[in-house]
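Inside the fold
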Amino acid sequence: MEIERGGSGSAETLGPGRGKKRPPPLRGDEEVEDSPESTTMDPDDDWSVSDGGSEEEEGHDNGDQRMYPHFTIDNFPRATCDHEKQTDLLYANPRTKLHGPKPTRLFPAFKSGEHVFGSDYNLDDKSEITVSNAGDCSNGCQCLSMDLLQFIDAKIAGYELNRPGRAKIFGFVAARDTIKPLRNYVYRRDIDNCEAVSVKRKTGVARLSLISPTRVIEMSSRALIEFELHAPNEDGTKGDDAPIIEGCTQLYNMFASKSFVEHRRMYGERCALDIKYMVLMNAVEARVEVKVLHLGAIDGGVNMRLLAKTSGFSEVIRLFRGAAPKPGFMMSFAIAVERRSGFDLYIEGFPGDDPATGQKPVTYSCWKCGFASSYHRMDEEVAELGEFASVSVKVTWKSYTKKTSQGVQNLV
């Protein structure tokens, strides 16, 4: 696929279930290469998200929820990775298209030997991808934009929890692109660091806390996601050692002419995995580094929440939620952003949970800012969160693709 410079800078509304775009944080149609200042965001932007999820939030992209209600635990489809079983789910069973996110084929996890995606993505190499320094252009800007995959959300669905309390989840979700097909983790927990997730009793849905990929995920035509998720017994052991879901699938970007949002579901034997993601055309990487400069003396400590919206889409990307790091500790996030557009960053500080009630206090302080995209610029701001904290924010822009005398070169 030919890679072109530039991206969509206009506000537009995409079709049902494919996300909504808002005007990007730019000033008119001017170029942004010489505009290092961050822009002011609309104070009425909606940043309300449910960190735990809700029955109402477990929506799908198929119209009236009253006509096509969510699958429940009792009628949830279940299937092995067998080709015929998956084909029945995708094509012979119309309910899978009406009562949940769009189904996509679940392929078996790679163990050893031959695999349908083995050679394309080098699946026998389980190494984690590393960050390369793309560097500045020596003789004028020769950077090219990329088509990138941005994860928004990941949930398990149809999971039956047979005991009170939360489910403990560990395992991984990783992406591989065709430029350098190594694992780029977006979820990663080991058995000693399980995530306790709240499971909806009716639908078996639980949100996973995604992490930032090591670098942006290239998707000019396709990319692979692979995953293996476990739920240990109450005593912390693995039990039968069988994952609640594992496998892989390929995501495609073959015929799209503009950026879009997609919501997909893979059905397994014990539960399903829902993935919500964006494909952003003509995009670059925003490397966001957040460092706490000062923490206030708050009873119960200070919690923080970091959210982002990219390229005019209304979808909220959850970057971080938890106890604020100690001063000096830096968190890093890679966000895909369309060229000639930008992204919005929201940081919130609030007290820790009240140990007497277990509820989060109402008081909080937030900071919002928009950043216009570039190929290789650096923006720096300080987020003041009232009595809770002051935070340094540094955004470094880069592309991993450059035009050279030999043609297009990928610097990863």
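Basis of the calculations
Residues numbered from 1 in each chain as written. Predicted model: local features only at pLDDT ≥ 70, side-chain atom pairs only at ≥ 80, totals over all residues. Heavy atoms only, no water. Helix = DSSP H or I, 4+ residues; strand = E, 2+ residues; numbered from the N terminus. Buried < 20%, exposed > 50% of the residue type's maximum accessible area, 1.4 Å probe, protein only. Contact = heavy atoms within 4.5 Å. Areas by Shrake-Rupley, 256 points an atom, 1.4 Å probe, with all protein chains shown as cover. Pairing = 2+ DSSP bridges. Axes fitted to C-alpha atoms, helices over the stretch in contact; angles between N-to-C directions. Patch = residues over 30% accessible without salt bridge, like charges linked within 9 Å, V, L, I, M, F, W, Y side chains within 5 Å. Salt bridge = Lys/Arg side-chain N within 4 Å of Asp/Glu carboxyl O. 1 Å grid on protein atoms, 1.4 Å probe; cavity = no way out; pocket = protein on both sides within 12 Å on 5 of 7 lines; lining within 4 Å. Points joined across faces, edges and corners; volume = space filled by probe spheres on them. Nonpolar A, V, L, I, M, F, W, Y, C, P; charged D, E, K, R; others polar. Core = buried A, V, L, I, M, F, W, Y, C linked by side-chain atoms within 4.5 Å. Arc of directions from axis to C-beta. Polar contact = N/O pair within 3.5 Å; in protein donor to acceptor, adjacent residues only side chain to side chain.

Going by the annotation in an unreviewed UniProt entry, the name recorded for the chain is DUF6598 domain-containing protein, with Urochloa decumbens given as the source organism.

A word on the overall build of the chain. Within the chain, the regular secondary structure consists of three helices and 21 strands. The 412 residues of the chain split such that 53% are buried. A separation threshold of at least 6 residues defines the contact pool for the chain, and within that pool the share at least 24 residues apart is 73%. Surface summary for the chain: the accessible area is close to 18,900 Å², and the carbon and sulfur share equals 47%.

To continue, consider the sheet that holds strand β17 (residues 365-372). The strand order across the open sheet formed by four strands is β14-β13-β16-β17, and the pairing between neighbours is antiparallel. Only two strands of the sheet have a single partner each, and these edge strands are β14 (317-323) and β17. Between one strand axis and the next, the sheet turns by 10° as a mean value, whatever way the strands run. Strand direction decides the pairing type here: strand β13 (residues 302-310) and β14, joined by six bridges, are antiparallel. Bridge pairing in β14 links Leu-306 to Phe-320.

What follows deals with a nonpolar patch on the surface. A cluster of nonpolar side chains, contributed by Tyr-252, Met-254 and Phe-255, occupies part of the molecular surface with about 410 Å² of accessible area. Tracing the chain through its elements places Tyr-252 in strand β10 (residues 245-252).

Turning our attention to the side chain of Arg-377. Summarising the element assignment, Arg-377 is placed in the loop between β17 and β18 (378-385). Using a relative accessible area of 10% as the deciding quantity, one classes Arg-377 as buried.

Right, let's talk about the layout of surface pockets for a bit. In this structure, the largest pocket occupies an estimated 940 Å³ of space. Lining of the largest pocket is provided by 37 residues; of these, Glu-195, Leu-208, Ser-209, Leu-210 and Arg-321 occupy positions nearest its centre. Sorting the residues of the lining of the largest pocket by element identifies β3 (146-157), β5 (184-189), β6 (195-197), β7 (206-207), β13, β14 and β15 (330-338) as the ones contributing at least two each. When grouped by side-chain class, the residues that make up the lining of the largest pocket number 21 nonpolar, six polar and 10 charged.

With seven of nine residues buried, β15 is to be regarded as a mostly interior element. As paired elements, strand β12 (residues 272-295) and β15 share nine bridges and run antiparallel to each other. Across the sheet, Ala-283 pairs through a bridge with Glu-338, a residue of β15.

For His-294, the position within the fold is in strand β12. What His-294 contacts, discounting residues up to four positions off in sequence, is Phe-388, Ala-389 and Ser-390.

Here is a general trend for soluble globular proteins: nonpolar side chains tend to be buried in one another's company. Core analysis: the biggest nonpolar cluster contains 36 residues, and Phe-151, Ile-169 and Leu-229 have the highest contact counts within it. Of all the elements in the fold, those that place two or more residues in this core are β3, β4 (167-176), β5, β9 (222-230), β10, β11 (260-267) and β12. Top contributing element to this core by residue count: β12, with five residues. Ranked by size, the runner-up nonpolar core spans 34 residues in total, among them Cys-137, Ile-317, Leu-345 and Val-391.

Attention shifts here to helix α1 (residues 83-92). Those residues of α1 that sit buried are Gln-86, Leu-89 and Leu-90. Within α1, the buried residues cover an arc of 90° as seen down the axis, which keeps them to one side. Pointing more than 90 degrees away from the buried face of α1 are the exposed residues Glu-84, Tyr-91 and Ala-92. Those residues of α1 that are buried are in contact with α2 (95-98), β1 (102-103) and β11. The N-cap residue of α1 is Asp-82: its side-chain oxygen and the backbone nitrogen of Glu-84 are 3.0 Å apart.

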